[in-house]
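# Chain and residue survey
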Amino acid sequence: MIELLVLLKLNSTKSSAKMTKKITTNVSFLRGSHPCNDLEIKLIHCDHLHVDPSVKLDKEKDEGNVEYKLRLSPPSEERIEELATQLNYRINEGGGEAFYELGVSDDGQPVGLTDQEAEEAFKVLYKICKKIGASYMVLRKERARRGYVFEVLIRKSVDVPPVMINVVLLGNVDAGKSTLKGVLVSGQLDDGDGAAMSWVARYPHELKMRRSSSVSIHILGFDERGRCINDSFRYNEPEIYLRSSKIVNLIDLAGHYRYLRTTLRGVLGSLPDYALLVVGGNAGPIGSFKEHLGIAIVLGIPIAVVVTKVDMAPRKVLERTLKDLIRIMKLPGINRIPVIVKNKGDAVLAARYVKHGRLTPVFLVSNVTGRGLELLKFFMNALPPRIPWQERMKESFLCYIDQKFDVSGVGLVVSGLVEYGSVSEGDKVLIGPLDDGSFRSVRIRSIQVNRMPVSRVIAGEMAGFALKGIEESRVRRGMVLLGSGADVRAVWRFKARIRVLHHPTTIRVGYEPVVHIHTIRQTCKIVRSSKPFLRTGDVAEVVFRFLKRPEYIKEGDVFIFREGTTRGLGKVLETSL
């Protein structure tokens, strides 16, 4: 039996004992502390989670989407209104979702509720949710000092559009990314001979080669009770969109080195909330696994690992795969704490704290037998949005074009992620920059989200736009759609702070790597550098110049540059050069 793995590296000193207690509280949360003095890799049995009375949560914060309630006794109508306003604030802070910790005091002490108090509390919670058009689901019930502590997920159920998060699937070729996505979105198990991949593949050659070569997006929907919509009927995006209160955009990316540029475009162009790093249980972390892990880490994307093919991997091989994963997660610069998710309690804890970056949940699944798939779905249903789309909605409309189509009877259609603001059908927007750096005004004829016509689209949604006013031949990937009032300056040169992640020799002025920013991919030349020579690990401020055409970029944009085996990360500091 493979136990829950908690990776810690501490010394058995007095100061480390204090750190052990702190990490146990922060990582194990409501599990209680474990008497471990000298921890390197510790196997901890956690078949039943419980609340240790000595464990205390952090004090409740005024900001954020987590609310502590020691009790919810039948209040007056005025108090109901106050609680509804408070809950609505928490939901807005969480982008459409909030967590209630019932039976926990404001200072973080898990006191608990008796059965009668719990019954009263949920009656009150129902009234509060009804006031603001929300619903709740109990994620966990754990024994505490004088009763039970309840962790409740509350989600807006009447708002349109639903809560959305973007999850990219990374990993080596043949790890089972497309098969995993096919099984999740179709609600049907794989036959072991590529049936699940055939449901989500975009091109015939991908089926023939059993290898994804493009960016493929499918949706996984959940209703207000946390039930997976995809399991109810044959995959139909408009129907899933309409029935769901939460949607997970599963973005499948190519795993072969040959398609690395496509993978980078998929990651940088979709602003993912999380990454699922898929590993074949029979092969282990090989090939492009480390490359994809490095991409997620340098971009600050929280990671969950999914080990597939556990039905065909012998026990010793699977154990070796897990040990290799732990070893890699311990490497300097990665420094993650992997935890094998064994039950729903583990999944809830992982979903709550994975966004902080240190905790890395590990799921063991089989796409043929179905083992572990329900836990993975439960985890994704509980994942909170990480990117503050509500704040981004206040900005002017911005969407980077990822794909373009010439649709018969419709004309030019472009698609991409709305990164800022909102736009409605019939609005006039700017598209550009064209090759000469200019922008052109176009009208949005219609909008579709998940193949469903909508009248308005907001930040965080992936949409398709039918445009009028420009020829299809003049539009390319990497251009932007901008709302009125936006800065429309095209950029030839930009200043950036870069870190060289790997280079076999040295980089100097005149070096010409390929730069990936959002959906932009273009060769740039270093025309100025704060250091004459740059090697692996060096940090410097440089000035890049686009070689072919100007692009639309902004200060603060993060990018990756590459050339051969060279990899580097950068951040735009200045564009007015």
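Everything that follows concerns the structure shown earlier in this document.
Residues numbered from 1 in each chain as written. Predicted model: local features only at pLDDT ≥ 70, side-chain atom pairs only at ≥ 80, totals over all residues. Heavy atoms only, no water.

### Topic: the pairing of strand E18 (residues 428-432)
The side chains of a regular strand alternate between the sheet's two faces. Bridge count between E18 and strand E19 (residues 440-449): four bridges; the pairing is antiparallel. Paired with Val429 across the strands is Val442, a residue of E19. Strand direction decides the pairing type here: E18 and strand E23 (residues 480-482), joined by three bridges, are antiparallel. In the sheet register, Ile431 faces E23, and the bridge partner there is Leu481. (Pairing = 2+ DSSP bridges. Helix = DSSP H or I, 4+ residues; strand = E, 2+ residues; numbered from the N terminus.)

### Comments concerning the pairing of strand E4 (residues 97-102)
Summarising burial for E4: six of the six residues are buried, a large majority. Two elements, strand E3 (residues 66-69) and E4, share four bridges in a ladder whose sense is parallel. Along E4, the bridge assignment pairs Glu67 with Tyr100. Once you follow E3 into helix H2 (residues 77-93) and on to E4, the crossover reads as right-handed. In terms of strand pairing, E4 meets strand E6 (residues 148-156) through six bridges, oriented antiparallel. Bridge assignment links Phe99 to a residue of E6, and that residue is Leu153. (Buried < 20%, exposed > 50% of the residue type's maximum accessible area, 1.4 Å probe, protein only. Right-handed = clockwise from strand over helix to strand, strands pointing away.)

### Here we look at the environment of Tyr552
Counting through the fold element by element, Tyr552 comes out in the loop between strand E27 (539-546) and strand E28 (558-563). When the C-alpha atoms of Tyr552 and Ile520 are compared, they prove to be 9.0 Å apart, with 32 residues separating the residues in sequence. Excluding its chain neighbours within four sequence positions, the residues that come into contact with Tyr552 are Leu398, Tyr400, Pro433, Phe439, Val480, Leu482, Asp487, Val488, Arg489 and Ile520. (Contact = heavy atoms within 4.5 Å.)

### Section: unusual backbone geometry
Going from Gly432 to Pro433, the amide bond is cis rather than trans, its omega being -5°. Its identity is not glycine, yet Asn450 carries a phi of approximately 55°, on the positive side. Along the polypeptide, Asn450 turns up in the loop between E19 and strand E20 (452-454). The class of Asn450 is buried, set by a relative accessible area of 13%. For His518, which is not glycine, the phi torsion reads 55° and is therefore positive.

### Topic: the nonpolar core
If you look at the biggest cluster of nonpolar residues, it comprises 40 residues, and the most contacted ones within it are Leu180, Leu250, Phe379 and Met380. If you tally residues by element for this core, the top one is helix H12 (residues 373-382), at seven residues. Once you skip the residues sitting within four places of it in the chain, Leu250 turns out to touch Val167, Leu169, Lys181, Leu184, Val185, Ser216, Ile217, His218, Leu220 and Met380. Ile251, Leu253, Leu293 and Ile295 belong to the second largest nonpolar core, which has 39 residues in total. (Core = buried A, V, L, I, M, F, W, Y, C linked by side-chain atoms within 4.5 Å.)

### Observations concerning the environment of Val362
With respect to the helices and strands, Val362 occurs in strand E13 (residues 359-364). Beyond its immediate sequence surroundings of up to four residues, Val362 is in contact with Val305, Val307, Leu322, Pro338, Val339, Ile340 and Val341.

### Notes on the packing of aromatic side chains
Evaluation of the coordinates by the stated rule reveals ten aromatic pairs. On the basis of an interplanar angle of 55° and a centroid distance of 4.9 Å, the ring pair of Phe363 and Phe379 is categorised as tilted. Of this pair, Phe363 sits in strand E13 while Phe379 is found in helix H12, placing the two residues 16 residues apart along the sequence. Phe379 shares its class with Phe363; the two are buried. Relative to Phe546, the ring of Phe494 has its centre 5.4 Å away and its plane inclined at 40°; by these criteria the two rings are tilted. You can see Phe494 sitting in strand E24 (residues 493-502) and its partner Phe546 sitting in strand E27, a full 52 residues away along the chain. Phe546 shares its class with Phe494; the two are buried. Here the aromatic cluster, defined as three or more aromatic residues joined through ring pairs, consists of Phe494, Phe544, Phe546, Phe559 and Phe561. Here the basic side chain of Arg352 rests over the ring of Phe99, its NZ or CZ set 4.5 Å away from the ring centre. (Phe/Tyr/Trp six-rings, centres within 6.5 Å; stacked < 30°, edge-to-face > 60°. Lys NZ or Arg CZ within 6 Å of the ring centre and 35° of its normal.)

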